[in-house]
Amino acid sequence: MAQHDLHDMLRSLRVWDPAATQLRPFDPDTAPPTPLALFTTWFAEAVAAGQPEPHTMSLATADAEGRPDVRIVMLHGADAGGFSFASHSTSRKGRALSARPYAALAFYWPVLGRQVRLRGPVASAPAEESQADLHARSTGALAAALTGRQSEELSSAAELRRASQAAWERARENPGEPSPTWTLYRLRPTTVEFFQGEAERRHVRLEYRSTEFGWSKGLLWP
């Protein structure tokens, strides 16, 4: 594909097509005092609006040298303890979090023109809690965890098929088999931003900030 074809396609695209997106009014003065309450409401509304995979989110980390990285992961839970996701501690993201235990998360729900962005320190859950998280998921998730070697170089697709098949057999035979490096991580946000798109680009950006007295709120210019 020629470069000009890519540019032509980019110029032809529009965001928040009214046929697919419903931009809802958002009055920040009515927002609850804590970000978790608003996140729960917005998440439920994204699910009800038919947003595909609303529980997926971007996870941004930095390695020991400060080089950034980002990928899509799945939200495993959110409560007063933080926002949870999981991975192998030996993976690229696991090594980055070990070196720099701080990260950012971003949810994007285009069906409503909404984003939620979070930043904060990340801590590992105890091993027993990490294993309980793994075994509460599907057989496929366990098989993927047992396959292991995440982020390592792979010599061929055939090698992956062999390792995956063996892991699937182990997962079916022993649904409680542990994966020692599987780790549940919790990001405890210090800032949470809620972004609501607006048709005339007067977007609403409400930011919650953690303080020693609780949460404060403030607006940001779009």
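Before any of the text, the structure's been laid out above.
Reference entry: report on the structure contained in this document. (Residues numbered from 1 in each chain as written. Predicted model: local features only at pLDDT ≥ 70, side-chain atom pairs only at ≥ 80, totals over all residues. Heavy atoms only, no water.)

**Quick notes on the overall build of the protein**
From N to C terminus, the protein includes six helices and 10 strands. Reported as C-alpha extents along the three principal axes, the dimensions of the protein are approximately 55 × 55 × 40 Å. For the protein, the proportion of its 222 residues judged to be buried stands at 35%. Contacts spanning at least 24 positions in sequence make up 64% of the contacts within the protein whose residues lie at least 6 apart. As displayed, the protein has an accessible area near 13100 Å², and 55% of this comes from carbon and sulfur atoms. Here the protein carries 25 positive and 25 negative side-chain charges, and the mean point of each set is 2 Å from the other. (Helix = DSSP H or I, 4+ residues; strand = E, 2+ residues; numbered from the N terminus. Buried < 20%, exposed > 50% of the residue type's maximum accessible area, 1.4 Å probe, protein only. Contact = heavy atoms within 4.5 Å. Areas by Shrake-Rupley, 256 points an atom, 1.4 Å probe, with all protein chains shown as cover. Lys, Arg positive; Asp, Glu negative; His and termini not counted. Charge placed at Lys NZ, Arg CZ, Asp CG, Glu CD.)

**Quick notes on the packing of helix H5 (residues 139-147) against helix H6 (residues 157-173)**
Their axes nearest at 8 Å, the elements H5 and H6 cross at an angle of 125°. Taken as axis vectors, H5 and H6 run oblique relative to one another. Here H5 runs over H6; the crossing is right-handed. Residues Thr 139, Gly 140, Leu 142, Ala 143, Leu 146 and Thr 147 of H5 pack against Leu 160, Ala 163, Ser 164, Ala 167, Trp 168, Arg 170, Ala 171 and Arg 172 of H6. Residue composition of the contact of H5 with H6, by class: eight nonpolar, four polar and two charged. (Axes fitted to C-alpha atoms, helices over the stretch in contact; angles between N-to-C directions. Parallel < 35°, antiparallel > 145°, perpendicular 65-115°, else oblique. Left-handed = near helix turned anticlockwise from the far one by under 90°. Nonpolar A, V, L, I, M, F, W, Y, C, P; charged D, E, K, R; others polar.)

**Description of the pairing of strand E10 (residues 214-219)**
Bridge analysis of strand E9 (residues 204-211) against E10 gives six bridges, and the strand direction is antiparallel. Residue pairing in the sheet places Ser 210 in a bridge with Trp 215 of E10. Hairpin connection from E9 to E10: two residues lie between these consecutive antiparallel strands. (Pairing = 2+ DSSP bridges.)

**Quick notes on the packing of aromatic side chains**
What the rule picks out here adds up to 12 aromatic pairs. Among the aromatic residues, those joined into a ring-pair cluster are Phe 26, Trp 42, Phe 194, Tyr 208 and Trp 215. Taking NZ or CZ as reference, Arg 114 lies 4.1 Å from the ring centre of Trp 42, over its face. (Phe/Tyr/Trp six-rings, centres within 6.5 Å; stacked < 30°, edge-to-face > 60°. Lys NZ or Arg CZ within 6 Å of the ring centre and 35° of its normal.)

**A short note on the pattern of salt bridges**
Following the criterion strictly, the structure yields 14 salt bridges and no others. Glu 193 is the partner of Arg 117 in a salt bridge, and the nearest nitrogen-oxygen pair spans 2.7 Å. Within this pair, whereas Arg 117 is found in strand E6 (residues 114-124), its partner Glu 193 is found in strand E8 (residues 191-196), the two being separated by 76 residues in sequence. Given the relative accessible area of 40%, Arg 117 is considered partly exposed. What makes Glu 193 buried here is its relative accessible area of 5%. One salt bridge in this structure joins Arg 170 and Glu 177, with 2.5 Å as the shortest N-O distance. For Arg 170, a relative accessible area of 36% puts it in the partly exposed group. For Glu 177, a relative accessible area of 16% puts it in the buried group. Shared partners join several salt bridges into a network, and the residues in it are Arg 24, Glu 45 and Arg 114. (Salt bridge = Lys/Arg side-chain N within 4 Å of Asp/Glu carboxyl O.)

**Here's the deal with the pairing of strand E1 (residues 56-62)**
Alignment of E1 against strand E2 (residues 68-74), held across seven bridges, turns out to be antiparallel. When the bridges of E2 are listed, Ala 62 appears paired with Pro 68. Hairpin connection between E1 and E2: a loop of five residues separates the two successive antiparallel strands, and Gly 66 in this loop has a positive phi of roughly 85°. Bridge analysis of E1 against strand E5 (residues 102-109) gives three bridges, and the strand direction is antiparallel. Residue pairing for E5: Ser 58 is matched across the bridge by Ala 106.

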